[in-house]
Amino acid sequence: MSGGNALRLGRILGVEIKLDYSWFIIFVLVTVSLSGQIFPSLYAGWSRGTYWLLGALTSVLFFTSVLAHELAHSLVSQAYGVPVHDITLFIFGGAAHIDEEPKTARAELLMALAGPGTSLVISALFGLFALLSRSTSPHLGAIGTWLAGINASLAAFNLIPGFPLDGGRVFRALVWGLTGNLQRATQFATGLGRLIAFGFVLLGVWQLFIGNWVNGLWIAFIGWFLDSAAASSYRRFTLRHLLAGHTAREVMTSECTLIPRHLTLDVFVEQIMLPSGRRCFPVQEGGRIRGLLTLHRIREVPRERWSQTRVDDIMIPWAELKSVRPDEELNTVFDRMAAEDVNQLPVIEGDSLLGMVARDNLLAFIHQRTELGL
Ligand SMILES: [Zn+2]
C-alpha cells in the first residue's frame, strides 16, 4: 500500500480518501469481467452497450461499497479516540490507515466488526433492491443481485481470522480480552495470520498446477500480500510497544553548542562542528537563541561557498522550527519526524532549547531494548 502513488479524492466525515494507482487495474478488471463475461452469461440477449453500462455502474457501486466498509472501521475508530490517517483504495481492496493501536480489546472488537457488519447490511439492502426491482427492471435486478453477492463475499473474506484482516483483529481482540496481554495477543494473531497467508499461497500454487492460471495467480498474490501485511503490522506493533510510555527527554541529546550568527561555515565546520562531534547547534545573539543550524542545511551549500556563507544565512529561524516538547511520547516524536520528513527535531520547553532528538537516538533506544529483551 504505497502512500505516495495515490490520488487524493477529498474528505468524507473528516477522513481523507485516496485512490492508489494500482486501483485502476482492479477497476478495469472488475468492469471488464462484469461486462464481458458475468452479465452476458447470466442474462443473455441484451445489447453490448447495455452490458458495458451495467458493468461500469456495478463496478463503481462495488468500490463505493468497499469505501463504506472502510469508513465504518474509521468512524468506530474515531469514536474510540484513535485517529484515522486516510482510506486508500488499492488493487486488493481498501485499507483504512490507522497508526495507533486501539486502547481496549472492546474498541478493537467493535472496530474490526464494523466493516464486515456494514458489508452485510449493504448486501441485504442490495438483495432487497434486487427482489423489488427484478420484475419491473431486469437490469436493475442484475446489478442488485451481483452487489448483494459480492458484499456478502467481502464480509466473509474479511472475517477470515488472518491478522491483519478484520477476522484476525476480532481474534486478537478476543485473546487480548481473555489474557489482558496485547503483546501476546498480537503474537498469536500474527502467527495465525501468516499461517493462513501461507495456506492461500499453497492453494494458489495448486490451482496453477491444475491449470487455473488466473485464479491461481490471484490467490497466490493475495496470500503473499496477507503475509507481508501480517509481518509489517507486527513490526509496527513491536516498535510502538517499545516506544510507548517513554518521552523525548529520555533520548534527547542535550549537549548543544551555542554558536554566534556571524560565523562563516568553513570556520564553523572546522573549528566547532568536527572537533565536537555534536549535532545540535543553536545560533545565539545577545543571549537569545535566534535559530538552529542543521547538518542538512550545511549540506545544501556547495563547499566552495562555505567561506562566504554565514551561519545566519542558512539557519532555521526560531519561529519556523518544528519541535517537540520534552514530555512528548516517543511514538508522537516518531510520527512527527515522518510527517515533517526530517531526521531530527529540537526539544523545546517555553522559549528554551533543551536538546535535540534524532532518528538515530530513537533507533539506538529501540535497538538497546530489543537486545535486552525488554
Ligand atoms: Zn475491513
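Treat the numbers as computed from the prediction; the structure is a model and nothing was measured.

Participant: How do you make sense of the coordination of the zinc ion when you look at a structure like this?
Facilitator: Six octahedral donors around a metal ideally sit at 90 or 180 degrees from one another, while four tetrahedral donors ideally sit at 109.5 degrees. Each protein donor to the zinc ion is listed here as H69 (NE2), H73 (NE2), D166 (OD) and D166 (OD); together their distances run 1.9 to 2.7 Å. Donor residues binding the zinc ion come from one chain and are separated in sequence as H-x3-H-x92-D. Note that H69 is positioned in helix α2 (residues 48-79) and D166 in helix α5 (residues 166-179), a separation of 97 residues in sequence. Residue class for H69 comes out buried when judged on its relative accessible area of 1%. Classification of D166 as buried rests on a relative accessible area of 7%.

Participant: Please explain the sheet that holds strand β8 (residues 316-317) as it appears in this structure.
Facilitator: Two pairing modes exist for strands in a sheet, parallel and antiparallel, and in both the strands are linked by backbone hydrogen bonds. Strands sit in the order β5-β6-β7-β8 across an open sheet of four strands; the sheet is mixed. Both edges of this open sheet fall to β5 (259-260) and β8, since each of them pairs with a single strand only. Lying over the sheet, helix α9 (residues 265-276) contacts β5, β6 (281-285) and β7 (288-293), oriented at roughly 130 degrees with respect to β6.

Participant: Where do I start with the sheet that holds strand β2 (residues 15-20) in this structure?
Facilitator: Pairing is mixed in the open sheet, where four strands are placed in the order β1-β2-β3-β4. Every other strand in the sheet has two partners, leaving β1 (6-12) and β4 (93-97) as the edge strands with one partner each. Taking each pair of neighbouring strands and ignoring which way they run, the sheet shows an average axis angle of 20 degrees. By the bridge criterion, five bridges tie strand β3 (residues 86-90) to β4 in an arrangement that is antiparallel. Following the sheet pairing, L89 is matched in β4 by G94.

Participant: Any chance you could explain the pattern of salt bridges here in plain terms?
Facilitator: Pairing of side chains with opposite charge becomes possible as their charged atoms draw close. Under the defined criterion, the tally for this structure stands at 13 salt bridges. In this structure, E108 and R172 form a salt bridge, with 2.6 Å as the shortest nitrogen-oxygen distance. Taken together, the residues E108 in helix α3 (residues 105-133) and R172 in helix α5 connect sequence positions 64 residues apart. Look at R172 and you get buried, because its relative accessible area is 0%. Salt-bridge contacts for D227 lead to R194; the nearest nitrogen and oxygen are separated by 2.8 Å. Of this pair, D227 sits in helix α7 (residues 213-243) while R194 is found in helix α6 (residues 182-209), placing the two residues 33 residues apart along the sequence. Classification of D227 by relative accessible area gives partly exposed; the value is 25%. Shared partners join several salt bridges into a network, and the residues in it are R261, E285, R290, R310 and D312.

Participant: Can you help me understand the pairing of β2 in this one?
Facilitator: Every regular strand shows the same layout, with side chains that alternate between the two sheet faces. β2 sits mainly inside the fold: six of its six residues count as buried. Burial along β2 is two-sided: V15, I17 and L19 and E16, K18 and D20, pointing in opposite directions, are all buried. Judged from the six bridges that link them, β1 and β2 form a sheet pairing that is antiparallel. Bridge pairing in β2 places L7 opposite L19. Linkage of β1 to β2, two consecutive antiparallel strands, is achieved through a turn of two residues, within which L13 is found at a positive phi near 50 degrees. Here β2 runs beside β3; their pairing, made up of four bridges, is parallel.

Participant: What am I meant to see in the packing of aromatic side chains here?
Facilitator: The description of an aromatic ring pair rests on the distance of the ring centres and on the angle between the ring planes. Overall, the coordinates contain 14 aromatic pairs when judged by the stated rule. Judged by centre distance (4.9 Å) and plane angle (25 degrees), the rings of W23 and F27 are stacked. Placement of the pair is W23 and F27 together in helix α1 (residues 22-42), with a separation of four residues, close to one helical turn. With respect to class, W23 is no different from F27; both count as buried. A centroid spacing of 6.5 Å and a plane angle of 25 degrees characterise the contact between Y234 and F237, whose relative ring orientation is stacked. Highlighted residues: Y234 and F237, both in helix α7, separated by three residues, approximately one helical turn. Among the residues examined, Y234 registers a relative accessible area of 22% and is labelled partly exposed.

Participant: Which parts of the structure should I look at to understand α2?
Facilitator: Residues separated by three or four positions in an α-helix point in the same direction, a consequence of the helix having 3.6 residues per turn. An ideal rise of 1.5 Å per residue puts 46 Å on 32 residues; α2 measures up with 46 Å between its terminal C-alpha atoms. Phi turns positive, to about 80 degrees, at G81, one or two residues after α2.

Participant: What should I look at first to understand the environment of R194 in this one?
Facilitator: Assessed through its relative accessible area of 38%, R194 is described here as partly exposed. Sequence-wise, R194 and V333 are 139 residues apart; in three dimensions their C-alpha atoms are separated by 30 Å. Ignoring sequence-local partners within four residues, the contact set of R194 consists of D227, A230 and A231.

Participant: Explain a nonpolar patch on the surface here, please?
Facilitator: A cluster of nonpolar residues, L203, V205, W206, F209 and I210, forms a patch on the protein surface that exposes about 540 Å² of accessible area. Tracing the chain through its elements places I210 in the loop between α6 and α7.

The rules behind each value
- For every chain, the first residue of its written sequence is number 1, and the numbers climb from 1 along that sequence.
- The predicted nature of this model means local features are confined to residues of pLDDT at least 70 and side-chain atom pairs, given and counted, to a pLDDT of 80 or more, with totals for whole chains, interfaces and linings taken over all residues.
- To get the side-chain values, take all heavy atoms of the structure and skip hydrogens and water.
- Only nitrogen, oxygen and sulfur atoms count as donors, using a 2.8 Å cut-off from the metal that widens to 3.2 Å for Na, K and Ca. Water is left out, so coordination shells may look unfilled.
- The numbering of helices and of strands both runs from the N terminus, where a helix is a DSSP run of H or I of at least 4 residues and a strand a run of E of at least 2.
- Only protein chains enter the area calculation, which uses a 1.4 Å probe; residues under 20% of their type maximum are buried, those over 50% are exposed, and those in between are partly exposed.
- If DSSP finds at least two bridges between two strands, the strands pair.
- Working rule for contacts: check all heavy atoms of both residues, and any pair within 4.5 Å makes them a contact.
- Axis definition: a line fitted to C-alpha atoms, over the contacting stretch in the case of helices. Angles run 0 to 180 degrees between N-to-C directions.
- Definition used for salt bridges: Asp or Glu carboxyl oxygen within 4 Å of a side-chain nitrogen of Lys or Arg.
- What counts as a ring pair is set by centres within 6.5 Å for rings of Phe, Tyr and Trp (its six-membered ring), and what kind of pair is set by the plane angle: stacked under 30 degrees, edge-to-face over 60, tilted for all other angles.
- The span expected for a helix works out to 1.5 Å for each residue beyond the first.
- To count toward a patch, a residue needs a relative accessible area over 30% and no salt bridge; like charges are then connected within 9 Å, while nonpolar side chains (Val, Leu, Ile, Met, Phe, Trp, Tyr) are connected within 5 Å.
- Reported accessibility uses the Shrake-Rupley method at a 1.4 Å probe radius. Residues are deemed covered only where the shown protein chains occlude them.

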